[in-house]
Amino acid sequence: MPTQRPEPPYRHIAAEIRARIVDGRLRPGERVPSIREIARRWGVAVATATRVMATLRDEGLVETKVGAGTVVSGRTGLKRQPGPRQALDGKQTLRAAIAIADAEGLDAVSMRRLAAELGVGPMSLYRHVSSKDELVTQMTDEVFGEQELPDPGPDGWRAKLELISRLQWELCRRHLWLPRAVSFTRPLLVPNVMAYTEWTLRALDGLGLPMTIRIREALTLHALVLTVALSMAEEIEAEQETGVTLDRWWLTQRKRADDLLRSGRFPLLATLADDEVADADGLFEYGLARHLDGFATLIDR
């Protein structure tokens, strides 16, 4: 698998400041380093320091107060309750985060929002995850573990590759945020995601292909699924945000489309029906079939 690149500097700096808040070295109401101080102390650009502050603010760890600057949020800590308190379960945390992402998209997932959903203080979440990035990684691994991969699966390399691709497509349809959370160039090093890649590589056993070709095939299939799934997710998100369905959008564009298509410059496009262009499932199945046709030629050769 490709080598994972180091995390950008802003994440390391945010993690350092976050740790000071979590362990009490920085208490609620106390000032945190300003953007200028972060840039000077860690030797980074102002843009990087600004991103550090935005990350901490998104997690609900800091807030801006008039006359005091940016301080540790007074809402980060758990109020102590008399008697024992039930421990927060890691699986419960992940399922709650997945439910938020499924309903409102990945941008809606934050440590503050998740804590509110679970009825706890944001600090309690850091027992399970160190940052939103780690939370999304664990959410992705949890989602990929929803389906059990068959062993050994159907006969034949093509049937196996069709199966693994359709399983990923089904996951992306069920969790529209998933295409934004995974990458085929910076793979997530978590067991359930890696199991899909391992299964795909094993599906190509006995074909005499070098491992370089096998891993490229696994990543190409992954990219095919993600590309179509991302377009599908963006369309559904656009409908949710604007309240305008694709059919209604086409109605608003009808005059412009008719003018262009009746001009005679695009006679072939004029024969297409709107639903042929918008059929994500059909596009995925066509892309998968034609790709595997080409791969079959490579194997035969």
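Nothing here was measured: the structure is a model prediction, and the numbers come from that model.

Caption draft 1: Molecular detail of the confidence of the model for the chain. The pLDDT averaged across the chain works out to 81; a share of 82% of its residues lies at or above 70. Across the chain, element-level confidence peaks in helix α8 (residues 157–174) with a mean pLDDT of 94 and bottoms out in helix α13 (residues 274–278) with 56. Contacts for the low-pLDDT stretch residues 1–5, under 50 throughout, to residues beyond four places or in other chains number 10 contacts.

Caption draft 2: Representation of the packing of aromatic side chains in the model. Applying the stated criterion to the full structure yields 3 aromatic pairs. A centroid spacing of 4.9 Å and a plane angle of 90° characterise the contact between F144 and Y196, whose relative ring orientation is edge-to-face. Placement of the pair is F144 in helix α7 (residues 132–144) and Y196 in helix α10 (residues 191–203), with a sequence separation of 52 residues. Exposure remark for Y196: the relative accessible area of 3% places this residue in the buried category. Stacked on the ring of Y286, the Lys or Arg R290 has its end atom at 5.2 Å from the ring centre.

Caption draft 3: Structural detail: the environment of E134. Residue position: E134 is located in helix α7. What E134 contacts, discounting residues up to four positions off in sequence, is H128 and V129. There is a polar contact of 2.6 Å between the side chain of E134 and the side chain of S130. Among the polar contacts made by the side chain of E134, one reaches the side chain of Q138 at a distance of 2.9 Å.

Caption draft 4: Fine view of the pattern of salt bridges. Evaluated as defined, the whole model comprises 17 salt bridges. A cluster of three or more residues bridged by salt bridges with shared partners is formed by K91, R95, E142, E146, E170 and R174.

Calculation notes
- Residues numbered from 1 in each chain as written.
- Predicted model: local features only at pLDDT ≥ 70, side-chain atom pairs only at ≥ 80, totals over all residues.
- Heavy atoms only, no water.
- pLDDT = per-residue confidence, 0-100.
- Helix = DSSP H or I, 4+ residues; strand = E, 2+ residues; numbered from the N terminus.
- Contact = heavy atoms within 4.5 Å.
- Phe/Tyr/Trp six-rings, centres within 6.5 Å; stacked < 30°, edge-to-face > 60°.
- Buried < 20%, exposed > 50% of the residue type's maximum accessible area, 1.4 Å probe, protein only.
- Lys NZ or Arg CZ within 6 Å of the ring centre and 35° of its normal.
- Polar contact = N/O pair within 3.5 Å; in protein donor to acceptor, adjacent residues only side chain to side chain.
- Salt bridge = Lys/Arg side-chain N within 4 Å of Asp/Glu carboxyl O.

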